[in-house]
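# Coordinates in review
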Amino acid sequence: DEQYWAVRQKVILRNTGELPIEISGPDAEKFANRLFARDVCGVKVGRCSYNFALYHNGGIITDAIILRLGKAKFWMVQADGELFKWYIAHATDHDVKITDPNVWVSQVQGPKSMAVLKDAIDGDFPNPWRYFDIATVVIAGEEVIITRTGFSSELGWEFYLQPANNAEKVGNRIWEIGQKHGMILTGTPVFRARRIEAGLMSQAEFDGTTTPFGAGLGHFLSMDQPYFIGKAALEKADTRSRTFGMRVLGGIAERGRTVEVHGKWVGNVCSSTWSPYQQCGVALVRMDNPDMGPGTELKVVGIDGKPYRAKLCKLPMYDSSGAIVRGQDSTIPVRPEPWKELQNN
């Protein structure tokens, strides 16, 4: 709870464990549009974009943020999935280099994250500094690449430590400044609740047969591209989403095939935890029948083995316009807002 409220009310520091892979060379853009299902041509230098790589059957290998650092230089920053060899295997007939730049990624997230950035940098605050922008700043005398991104759907930024950087100097400066704003360290569990509420997918929501449509990500696809790996399969695929949010009254859903309607198992719980803000269990679920969507009432097995009442919902569970992450809504929640929809039924 302490870590959850820190990212919602103050500021946190977290190492992401993500792996940037560099794609560079004269054919970098052409190659990226072969490997990724979302067109990169419209991504300007100095901007990021959400993207994903697919198998030939249209199943998702992994999703990631792609940074366009130059006209012919990209970093695909992935959390999970084996892509390095996949890139090399498909680089035939393309003038590209696939390299590991040995970059380490961490993030500063929360409503006070920009105040930390302003105080930590030597010099002027980045301008422009829009959501998904890339900037180079100086922190403790070190030139550091930062992006206005993160895995929390809260206001935040990420920093990329390259081999030439003195990581200790940069980290110490950010930590020293962050302490003045109430910064604490966090790990993966606290982000599970916030990412589920925000509808941010992880490897837990995908398998080799889950298409972007089935994961509720079909709106990101560039189906007008002439070709990308997996496109032919997607042209024949069911375009309906099977992935939804779920709120659980009074308990936490057990992961796995634990969703029941009228005595029948009808879906899988992919990710699950407790929401300190909504005061209920929250989960991401993949349903067998896409027509069983938001509003469907059901039962789910809890982590204690007991049945609980639950209801499917749209994603994100709140802040549907993304106003928080864009800095357009600076309201800081000071207490829980319990979900009570089923309590009186």
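Placed above this text is the structure.
These lines cover the structure that appears in this document, whether it is placed above or below. As the structure is a computational prediction, the values presented were derived from the model and not from experiment.

### Some remarks on the overall build of the protein
When helices and strands are counted, the protein shows 7 helices and 17 strands. Taken against the 2.2 N^0.38 rule, which gives 20 Å for 345 residues, the C-alpha radius of gyration of the protein at 21 Å falls within 12% of a compact globule. On the principal axes, the C-alpha backbone points of the protein span a range of 60 × 50 × 30 Å. Looking at the protein as a whole, 53% of its 345 residues qualify as buried. When the accessible surface of the protein is summed, it comes to about 15,700 Å², and 48% of that surface belongs to carbon and sulfur atoms. Here the protein contributes 40 positively and 39 negatively charged side chains, and the mean placements of these two sets differ by 4 Å.

### Focus on the layout of surface pockets
Size it by volume and the second largest pocket reaches roughly 180 Å³. Forming the boundary of the second largest pocket are Asp 207, Thr 209, Thr 210, Thr 211, Gly 214, Ala 237, Asp 238, Arg 240, Arg 242, Arg 286 and Met 287. Partitioning the lining of the second largest pocket into residue classes produces 2 nonpolar, 4 polar and 5 charged.

### A look at the pairing of strand 13 (residues 256-261)
Of the pairings in the sheet, the one linking strand 13 to strand 14 (residues 264-275) comprises 4 bridges and is antiparallel in character. Across the sheet, Glu 260 pairs through a bridge with Trp 265, a residue of strand 14. Bridging between strand 13 and strand 16 (residues 297-301) involves 2 bridges; their strand directions are antiparallel. In the strand pairing of strand 16, Glu 260 is matched with Lys 299.

### Describing helix 1 (residues 2-9)
Along helix 1, the residues that are buried comprise Tyr 4, Trp 5, Ala 6, Val 7 and Arg 8. Tucked into the core, helix 1 has its buried residues touching strand 1 (12-15), strand 7 (104-109), strand 11 (184-185), helix 6 (188-198) and strand 14.

### Some points on the side chain of Ser 153
Structurally, Ser 153 is set in the loop between strand 9 (142-147) and strand 10 (156-161). Not counting residues within four places of it along the chain, the set of residues in contact with Ser 153 comprises Arg 194, Ala 198, Leu 200, Ile 324 and Val 325.

### Topic: the nonpolar core
Membership of the largest hydrophobic core comes to 43 residues, with the highest contact counts inside it found for Phe 52, Leu 67, Tyr 160 and Leu 217. The set of elements that each furnish at least two residues to this core consists of helix 1, strand 3 (47-54), strand 4 (60-70), strand 5 (73-78), helix 6 and strand 15 (280-287). The residues touching Tyr 160, leaving out its near neighbours within four places in the chain, are Leu 67, Trp 75, Val 77, Val 103, Trp 104, Val 105, Val 144, Ile 145, Ile 146, Thr 147, Thr 149 and Asn 165. Counting residues in each nonpolar core, the second largest holds 23 residues, with Ile 121, Ala 135, Leu 155 and Ile 174 among its members.

### Thoughts on the pairing of strand 8 (residues 134-139)
The pairing of strand 8 with strand 9 spans 6 bridges and is antiparallel. Considered in strand 9, the bridge of Thr 136 is made with Ile 145. The loop that links strand 8 with its antiparallel partner strand 9 comprises 2 residues; one of these, Ala 140, has a positive phi angle of about 55°.

### Focus: unusual backbone geometry
The omega torsion across Asn 127 and Pro 128 is 5°, close enough to zero to call that bond cis. Within the secondary structure, Pro 128 is located in the loop between helix 4 (113-120) and strand 8. With an omega of -5°, the peptide bond between Leu 315 and Pro 316 qualifies as cis. Looking at the secondary structure, you find Pro 316 in the segment after strand 17 (307-313). With phi around 70°, Asp 93 is a residue other than glycine that occupies positive phi space. Examined against the element boundaries, Asp 93 turns out to sit in the loop between helix 3 (84-89) and strand 6 (97-99). In the Ramachandran plot, His 262 falls in the positive-phi region, its phi being about 55° despite a non-glycine side chain. Here His 262 falls in the exposed class, since its relative accessible area comes to 79%.

How each quantity is defined
- Residues numbered from 1 in each chain as written.
- Predicted model: local features only at pLDDT ≥ 70, side-chain atom pairs only at ≥ 80, totals over all residues.
- Heavy atoms only, no water.
- Helix = DSSP H or I, 4+ residues; strand = E, 2+ residues; numbered from the N terminus.
- Rg over C-alpha atoms; globule rule 2.2 N^0.38 Å.
- Buried < 20%, exposed > 50% of the residue type's maximum accessible area, 1.4 Å probe, protein only.
- Areas by Shrake-Rupley, 256 points an atom, 1.4 Å probe, with all protein chains shown as cover.
- Lys, Arg positive; Asp, Glu negative; His and termini not counted.
- Charge placed at Lys NZ, Arg CZ, Asp CG, Glu CD.
- 1 Å grid on protein atoms, 1.4 Å probe; cavity = no way out; pocket = protein on both sides within 12 Å on 5 of 7 lines; lining within 4 Å.
- Points joined across faces, edges and corners; volume = space filled by probe spheres on them.
- Nonpolar A, V, L, I, M, F, W, Y, C, P; charged D, E, K, R; others polar.
- Pairing = 2+ DSSP bridges.
- Contact = heavy atoms within 4.5 Å.
- Core = buried A, V, L, I, M, F, W, Y, C linked by side-chain atoms within 4.5 Å.

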